Amino acid sequence: MNETAVHTIMDEMAIRRALTRIAHEILEKNKGVETCTLIGIRTRGIYLAQRVAERILEIEGEPVPVGEIDITSYRDDRISVKSVEGLPCGGSLHIQDRKIILFDDVLYTGRTVRAAMDALIDLGRPQMIQLAVLVDRGHRELPIRPDYVGKNVPTSKSESIEVLLSEIDGKDEVIILQQRGKQE
């Protein structure tokens, strides 16, 4: 029988600290957020972007626009009939000539991020795209590297990482799942 071992690698406090650090790093790297827009990749990336925007507002007293992007039809490794909805509010968030900070929960092969960049570029020409992830687990298939990382977690291909967020899952936690071999 296959068993799965579950280990918590980030609890609620660790996630909060990581997002606060990312907010400070964004402010420092961009010398504020005047020309920045935070875009979260659906589903969990949008909640991370919103949380960082809240931290930036607390730190700087300046709001930063936040948007959401659905990249389902841009994936090259998944078949889908869904269409890209793009940014919320009928596309009222403009990305033209803005510094876009793209948020995702876990960076693995890089294919999700590549799809998100394709979708963003279809919506306009940003000045720059930066990448923020809560967890970088390695195993890249594309030359993509995050600018902001909550936690680096080297994994084997038999492991998987799950990010649980209170907005969807009722709690904040990052867990690593390890498949154990068959026992007879």
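Just above sits the structure.
Presented here is an overview of the structure given in this document. (Residues numbered from 1 in each chain as written. Predicted model: local features only at pLDDT ≥ 70, side-chain atom pairs only at ≥ 80, totals over all residues. Heavy atoms only, no water.)

Examining the packing of aromatic side chains
Inspection of the entire model under this criterion finds zero aromatic pairs. The ring of Tyr 108 carries Arg 137 above its face, with NZ or CZ at 3.9 Å from the centroid. (Phe/Tyr/Trp six-rings, centres within 6.5 Å; stacked < 30°, edge-to-face > 60°. Lys NZ or Arg CZ within 6 Å of the ring centre and 35° of its normal.)

Looking at the sheet that holds strand E1 (residues 3–10)
Pairing is antiparallel in the open sheet, where three strands are placed in the order E1-E8-E7. With one partner strand each, in any of the chains shown, E1 and strand E7 (159–164) form the two edges of the open sheet. On average, each strand axis in the sheet is tilted by 25° relative to the strand beside it, whichever way the strands run. Across the sheet, helix H1 (residues 12–30) is in contact with E1 and strand E8 (173–180); its angle to E1 comes to roughly 50°. (Pairing = 2+ DSSP bridges. Helix = DSSP H or I, 4+ residues; strand = E, 2+ residues; numbered from the N terminus. Axes fitted to C-alpha atoms, helices over the stretch in contact; angles between N-to-C directions. Contact = heavy atoms within 4.5 Å.)

A look at the nonpolar core
Nonpolar side chains in soluble globular proteins tend to be buried together. Core analysis: the largest hydrophobic core is formed by 30 residues, its most contacted members being Ile 26, Leu 38, Val 52, Ile 56, Phe 103 and Leu 134. Counting only elements with at least two residues in this core, the list comes to H1, strand E2 (36–41), helix H2 (44–60), strand E4 (99–107), strand E5 (128–136), E7 and E8. No other element matches the seven residues that H1 contributes to this core. Those residues in contact with Val 52 that sit more than four places away from it in its chain are Leu 19, Ile 22, Ala 23, Ile 26, Leu 38 and Phe 103. Of all hydrophobic cores here, the second largest spans 17 residues; its members include Leu 102, Leu 107, Val 113 and Leu 120. (Core = buried A, V, L, I, M, F, W, Y, C linked by side-chain atoms within 4.5 Å. Buried < 20%, exposed > 50% of the residue type's maximum accessible area, 1.4 Å probe, protein only.)

Describing the packing of H1 against H2
Axis separation between H1 and H2 bottoms out at 9 Å; the angle between their running directions is 65°. You can see that H1 and H2 cross each other, and the crossing is right-handed. On H2, the residues that touch Ile 15, Arg 16, Leu 19, Thr 20, Ile 22, Ala 23, His 24, Ile 26 and Leu 27 of H1 are Leu 48, Arg 51, Val 52, Arg 55, Ile 56, Ile 59 and Glu 60. Grouping the amino acids of the contact of H1 with H2 by side-chain chemistry returns ten nonpolar, two polar and four charged. (Left-handed = near helix turned anticlockwise from the far one by under 90°. Nonpolar A, V, L, I, M, F, W, Y, C, P; charged D, E, K, R; others polar.)

These figures come from the coordinates and say nothing about function on their own.
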